[in-house]
Amino acid sequence: MAWEIATVALIPRVLLAVAWWLGTSVLVGWSASRLGSRALAALGAPLSPRGFEAEGRCYERLGVRRWKRVMPDAGAWFGGARKRLTGPHAARSLGQLRQELDRAELVHLVLLVTQWVPSLWLGPLWWLGPTYGVVANLPLVVVTRYARARLEVIRGRNPRPSPPQGDDPTQT
């Protein structure tokens, strides 16, 4: 009987946590889609490739090439672009792809932190917040880091990097 009462009492807390996760995901994604090239450039250092990434090879050791295609891409939800680099216009969109990767990584890093907040009210289920935050965001951070490292290799082969398509330089 006590177990049933405790379980029923947790249902509103879990529903509130789910609402928090969905709401923050939409809010952070929408906010990031409004960031212009200058704002993203200002965040450049934390999002820049690191030496240990070795052109993406460290992520390939984690098997990212096998599972990256099943990761969702919500980049186009709020006016951004999907992050697939295919087709005849792929070479001229490298700058735009870099910006979309920066946005995606920023979104998932912010969500990785904010999605722990429901732990404050989940009581004995406190572990759901950190678990969801890590499981839902860390693989996507790894995929964006891998894609950025590979993109830098491609951009190194392209002597004339082209400006991003449709970017408003006055937007911050």
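If you're wondering where the values come from, they're calculated on a predicted model, not measured in any experiment.

Rules behind the numbers
- Residues numbered from 1 in each chain as written.
- Predicted model: local features only at pLDDT ≥ 70, side-chain atom pairs only at ≥ 80, totals over all residues.
- Heavy atoms only, no water.
- Helix = DSSP H or I, 4+ residues; strand = E, 2+ residues; numbered from the N terminus.
- Buried < 20%, exposed > 50% of the residue type's maximum accessible area, 1.4 Å probe, protein only.
- Contact = heavy atoms within 4.5 Å.
- Areas by Shrake-Rupley, 256 points an atom, 1.4 Å probe, with all protein chains shown as cover.
- Patch = residues over 30% accessible without salt bridge, like charges linked within 9 Å, V, L, I, M, F, W, Y side chains within 5 Å.
- Salt bridge = Lys/Arg side-chain N within 4 Å of Asp/Glu carboxyl O.
- Phe/Tyr/Trp six-rings, centres within 6.5 Å; stacked < 30°, edge-to-face > 60°.
- Core = buried A, V, L, I, M, F, W, Y, C linked by side-chain atoms within 4.5 Å.

Chemist: Before we go on, may I ask you to explain the overall build of the protein chain in this structure?
Modeler: Within the protein chain, the secondary structure is distributed over 7 helices and 0 strands. Seen in sequence order, the protein chain has helices and strands lined up from the N terminus as α-α-α-α-α-α-α. Expressed as a percentage of its 172 residues, the buried residues of the protein chain come to 35%. Pairs at least 24 apart in sequence give 80% of the contacts found in the protein chain among residues at least 6 apart. By element, 67% of the accessible surface of the protein chain is carried by carbon and sulfur atoms, the whole surface being about 10500 Å².

Chemist: Got a minute to help me understand a nonpolar patch on the surface in this structure?
Modeler: Taken together, the side chains of Val8, Ile11 and Leu15 present a nonpolar region at the surface, about 290 Å² in accessible area. Residue placement: valine 8 occurs in helix H1 (residues 2-33).

Chemist: How should I be thinking about the pattern of salt bridges in this particular structure?
Modeler: Between side chains of opposite charge, a pair can form as their charged atoms come close. Taken as a whole, this structure holds 7 salt bridges when the rule is applied. The salt bridge involving arginine 98 is made with aspartate 102; its shortest N-O contact spans 3.2 Å. Here arginine 98 pairs with aspartate 102, and both are found in helix H6 (residues 94-114), just 4 residues apart, close to one helical turn. With a relative accessible area of 15%, arginine 98 lands in the buried category.

Chemist: Hey, could you run me through the packing of aromatic side chains in this one?
Modeler: In this description, a pair of aromatic rings is defined by centroid distance and the angle of the planes. Considering all chains together, one arrives at 2 aromatic pairs under this definition. Note on tryptophan 20 and tryptophan 121: the rings are 6.1 Å apart at their centroids and 80 degrees apart in plane angle, and the pair reads as edge-to-face. Placement of the pair is tryptophan 20 in helix H1 and tryptophan 121 in the loop between H6 and helix H7 (128-157), with a sequence separation of 101 residues. Of the residues examined, tryptophan 20 reaches a relative accessible area of 31% and is grouped as partly exposed. For tryptophan 121, a relative accessible area of 23% gives the class partly exposed.

Chemist: Would you mind going over the nonpolar core with me for this structure?
Modeler: If you look at soluble globular proteins, the nonpolar side chains tend to sit buried side by side. Listed in full, the 6 residues of the largest apolar core are Cys58, Tyr59, Val64, Val142, Val143 and Tyr146. At the level of elements, helix H4 (57-61) and H7 are the ones that each hand at least two residues to this core. The element contributing the most residues to this core is H7, with 3 residues. Contacts of valine 142, omitting those with residues within four sequence positions, involve Tyr59, Leu62, Val64 and Trp67.

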